[in-house]
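Read off the chains here:
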Number of protein chains: 2
Amino acid sequence: MNHPSSITLCEVGLRDGLQNEPTILTTDQKVEILRGLVDAGFKVIEVGSFMHPVKVPQMANTDDVFKAIGGEIPGVQLRALIPNKRGVDRAVACGCKKVKLNVSASKMHNIKNLNRTPAESVAGFKEACDAAAAAGIEISGSISMPFASPWEGRIPVSDVDEIIEAYLNVGINEISLSDASGMATPYGVYDLCSHVREKYPQCTWWLHFHNTRGLAVANIITAMAAGMTQFDSSFGGLGGCPFVPGAAGNVSTEDVLHLCEEENIETGIDIVKIIEISKNLKGMLGHSLESYILRAGRSKDLIAAKSS
Amino acid sequence: MNHPSSITLCEVGLRDGLQNEPTILTTDQKVEILRGLVDAGFKVIEVGSFMHPVKVPQMANTDDVFKAIGGEIPGVQLRALIPNKRGVDRAVACGCKKVKLNVSASKMHNIKNLNRTPAESVAGFKEACDAAAAAGIEISGSISMPFASPWEGRIPVSDVDEIIEAYLNVGINEISLSDASGMATPYGVYDLCSHVREKYPQCTWWLHFHNTRGLAVANIITAMAAGMTQFDSSFGGLGGCPFVPGAAGNVSTEDVLHLCEEENIETGIDIVKIIEISKNLKGMLGHSLESYILRAGRSKDLIAAKSS
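A quick note: this is a predicted structure, and the numbers were derived from the prediction, not measured. (Residues numbered from 1 in each chain as written. Chains lettered and ligands numbered in written order. Predicted model: local features only at pLDDT ≥ 70, side-chain atom pairs only at ≥ 80, totals over all residues.)

Participant: How do you make sense of the interface of chain A and chain B when you look at a structure like this?
Facilitator: How big an interface is tends to be reported as the loss of accessible area on association of its parts. On the chain B side, the residues contacting the 42 residues of chain A number 42 residues. Looking at the side of chain A that touches chain B, the elements that each hand over two or more residues are helix H9 (186-199), helix H10 (216-225), helix H11 (253-262), helix H13 (292-296) and helix H14 (299-307) of chain A. (Contact = placed C-beta atoms within 7 Å. Helix = DSSP H or I, 4+ residues; strand = E, 2+ residues; numbered from the N terminus.)

As structure tokens, this is what we get:
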């Protein structure tokens, strides 16, 4: 079966994971985790977001986290999610060098909330893009629910194309396809990934899967079969689903790393160090996490125990 | 991506699921579940096992379950796991018409426990096969841990071939590849499935995955890509791992049905009825179950709720 010999993982637990937690981690705790992720080998990390602090209090100290590390860590891409130009301003102020915008692929969802189509929303990102360019900040875009949404079910491919083209029009060609509602399914993922890769060869793609309905790893497998090589994951499977209270979160970093370890897919990340980070996190958050590997251990450890 | 338009599921929760539970269900409870499974559309069901009642007390009333339904249900294959010829005798006595033997693919495991190789163990099944043939009982075989085991790690393909050939020698050509230790990985599954299908076209195959390390659905996807169409699953994801106390169990029936529903893969089984069975089971067993769909609901239900 077609699969890459190496993939790049972006750890999004500090953002998409922690933003769903009732416990708010301090700047020091976040910096410690961030340093641990870098030490484990991560080269791309989503550190937090610059959303309104009242709306997402868990992310209110994102600026402080960036300041605490002097804005950057050599050789590592640290990115933050932003809602608009104000996010770029905060990035500039705290030294963050990479930001990510987001739009819902659901026309109904977007029109209901913002009274414009997703493509119109993206066109409105022009101001943020110009400000980022002027400040020398890299900017990327995310499309939320491009596979299916609670409003439409399957999203027409032409709707996704329209959003991608709107992103290209404002100068963004690094795009994340984000299954925030956990409704993506393996063959749907394969089809959309194959389509966008062929139609937009000038783009760089990220895939972001939630394990809401247990399909995240299967979706990664079919995305890889379609040639994708960049994936988000979250330590301990932290995260959630805005539409399903109590649902499972993002695909777990340790679980993806274990898959890669077993299948000889290079990630450059030390799974043992990540397992330790997730174990510590369990203590900080005071509840068990969703990761299968935290629970069952690596296959290699079981073999070592039996053969010793 | 290559996938079948329909698959056959065997519900194994009454056997592999319940045998891991501290609560022992009564004959009446099991018969009620069994009738529910048939009503939901299952055409293949593993009802229980004829192991020693002291060793597996949860299965001690398997004979009574068969007797209660008069041994069979028209149009439905009801099978039981057996250890040896004694199992055939019990099947004959209670009217069960189909049995399944099992051997470990791990040479070390088998030699340690039984002082013979897996192929020698299978050769020893001759007596059971002859008794089944004489009684008009269908007999099939399972290979436990053919992908990897805690003793060897990856199992050499030649070892699996040897066991398959031993099964063919005693007259068994319906064979289950059973990842009981949850160590199978997607590309390993693809490779072994492709190999056995090509080398042994006279065989009928079943795939049995545990979700110990979160890979069961991904393994089903790659097994389907290799042409496999028959899978075991367990309601509510019940089951366990003999080597990892507290690990996740078999792949959940509702989760597989939901995948199939979303991808238009025909199963003939009503997912709504199965979700009800799993919900009731939760009450009977007194603990939460592993199924993602029990927790998050179907994508279709979310869409219906949002659009209403």
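Picking up where we left off.
Participant: When you look at the relation of the copies chain A and chain B in this model, what are you seeing that I'm missing?
Facilitator: Turning one copy of the chain about an axis and sliding it along that axis gives the other copy, so a rotation and a shift relate them. Under the fitted operation, chain A is carried onto chain B by 0.0 Å of movement along the axis and a turn of 180°, and the coordinates agree to an RMSD of 0.0 Å. The superposition operator between the copies reduces to a two-fold rotation axis. When C-alpha distances to the rotation axis are compared across chain A, the minimum falls at Ala 218 of chain A, with a value of 2.1 Å. Of the residues that chain A buries at the interface, 100% are likewise interface residues in chain B, meaning the two copies contact each other through the same surface. (Least-squares fit on C-alpha atoms with pLDDT ≥ 70 in both.)

Participant: How should I be thinking about the sheet that holds strand S2 (residues 44-49) of chain B in this particular structure?
Facilitator: In sheet architecture, strand pairing relies on hydrogen bonds along the backbone and comes in two forms, parallel and antiparallel. What the eight strands build is a closed barrel, ordered S1-S2-S3-S4-S5-S8-S9-S10 (chain B); its pairing is parallel. Taken over all neighbouring pairs, the strand axes of this sheet differ in orientation by 30° on average, direction set aside. (Pairing = 2+ DSSP bridges. Axes fitted to C-alpha atoms, helices over the stretch in contact; angles between N-to-C directions.)

Participant: Honestly, the packing of helix H8 (residues 157-169) of chain B against helix H9 (residues 186-199) of chain B in this entry has me stumped. Any pointers?
Facilitator: In a pair of packed helices, the angle between the axes and the distance between the axes together describe the arrangement. All names here are of chain B. Interhelical geometry of H8 versus H9 gives an angle of 40° and a closest axis separation of 11 Å. Comparing the axis directions of H8 and H9 gives the class oblique. Crossing hand, H8 versus H9: right-handed. Residue-level contacts link Val 157, Val 160, Asp 161 and Ile 164 of H8 to Leu 192, His 195, Val 196 and Lys 199 of H9. Residues of the contact of H8 with H9, tallied by class, amount to five nonpolar, one polar and two charged. (Parallel < 35°, antiparallel > 145°, perpendicular 65-115°, else oblique. Left-handed = near helix turned anticlockwise from the far one by under 90°. Nonpolar A, V, L, I, M, F, W, Y, C, P; charged D, E, K, R; others polar.)

Participant: Just to check I follow, could you spell out H11 of chain A for this structure?
Facilitator: In an α-helix, one turn spans 3.6 residues, which is why side chains three or four residues apart end up on the same side. All names here are of chain A. Judged by how many residues are buried, H11 sits mostly within the fold: 10 of 10 residues are covered. Burial in H11 covers these residues: Thr 253, Glu 254, Asp 255, Val 256, Leu 257, His 258, Leu 259, Cys 260, Glu 261 and Glu 262. Asn 264 occupies a position one or two residues after H11 and carries a positive phi of about 55°. (Buried ≥ 20, exposed ≤ 12 C-beta atoms within 10 Å, placed from the backbone.)

Participant: In this structure, what is going on with the pairing of strand S8 (residues 174-179) of chain A? I would like to understand it.
Facilitator: The side chains of a regular strand alternate, residue by residue, between the two faces of the sheet. Residues and elements named next belong to chain A. Taking burial as the measure, the six residues of S8 include five buried ones, the bulk of the element. Relative to S8, strand S5 (residues 138-144) runs parallel, the two being bridged by four bridges. Pairing of Ser 142 across the sheet is with Ser 176, part of S8. Pairing of S8 with strand S9 (residues 204-209), which is carried by six bridges, proceeds in the parallel orientation. Bridge pairing links Ile 175 to Trp 205 in S9. Handedness of the crossover joining S8 and S9 through H9: right-handed. (Right-handed = clockwise from strand over helix to strand, strands pointing away.)

Participant: How do you make sense of the nonpolar core when you look at a structure like this?
Facilitator: One broad rule of soluble globular proteins: the nonpolar side chains tend to lie buried together. Of all hydrophobic cores here, the largest spans 197 residues; its most connected members are Ile 163 and Ile 220 of chain A together with Ile 163 and Ile 220 of chain B. Beyond its immediate sequence surroundings of up to four residues, Ile 220 of chain B is in contact with Phe 209, Phe 231, Val 251 and Val 256 of chain B. (Core = buried A, V, L, I, M, F, W, Y, C linked by C-beta atoms within 7 Å.)

Participant: What is the right way to look at the environment of His 210 of chain A in this model?
Facilitator: Residue and element names in this part refer to chain A. Within the element layout of this structure, His 210 appears in the loop between S9 and H10. Taking the C-beta count within 10 Å as the criterion, His 210 has 30 such neighbours and is therefore assigned buried. Apart from the residues within four sequence positions on either side, His 210 is in contact with Asp 179, Ala 180, Gly 182, Ala 216, Gly 239, Cys 241, Gly 249 and Asn 250.

Participant: Help me understand the packing of helix H11 (residues 253-263) of chain B against helix H12 (residues 271-285) of chain B, please; the structure alone is not making it clear to me.
Facilitator: Residues and elements named next belong to chain B. For the pair H11 and H12, interaxial distance at closest approach is 10 Å and the crossing angle is 165°. With respect to each other, H11 and H12 are oriented roughly antiparallel. When you trace H11 past H12, the crossing you get is left-handed. Between H11, through Thr 253, Glu 254, Leu 257, His 258 and Glu 261, and H12, the contact on the second element is made entirely by Ile 271, Ile 274, Ile 275 and Ser 278.

Participant: What's the story with unusual backbone geometry in this structure? I'm lost.
Facilitator: Excluding glycine, most residues fall at negative phi; most peptide bonds, likewise, are trans. In the Ramachandran plot, Asn 115 of chain A falls in the positive-phi region, its phi being about 60° despite a non-glycine side chain. Among the structural elements, Asn 115 of chain A can be located in the loop between helix H5 (107-114) and helix H6 (118-123).

Purely geometric numbers; function is a separate question.
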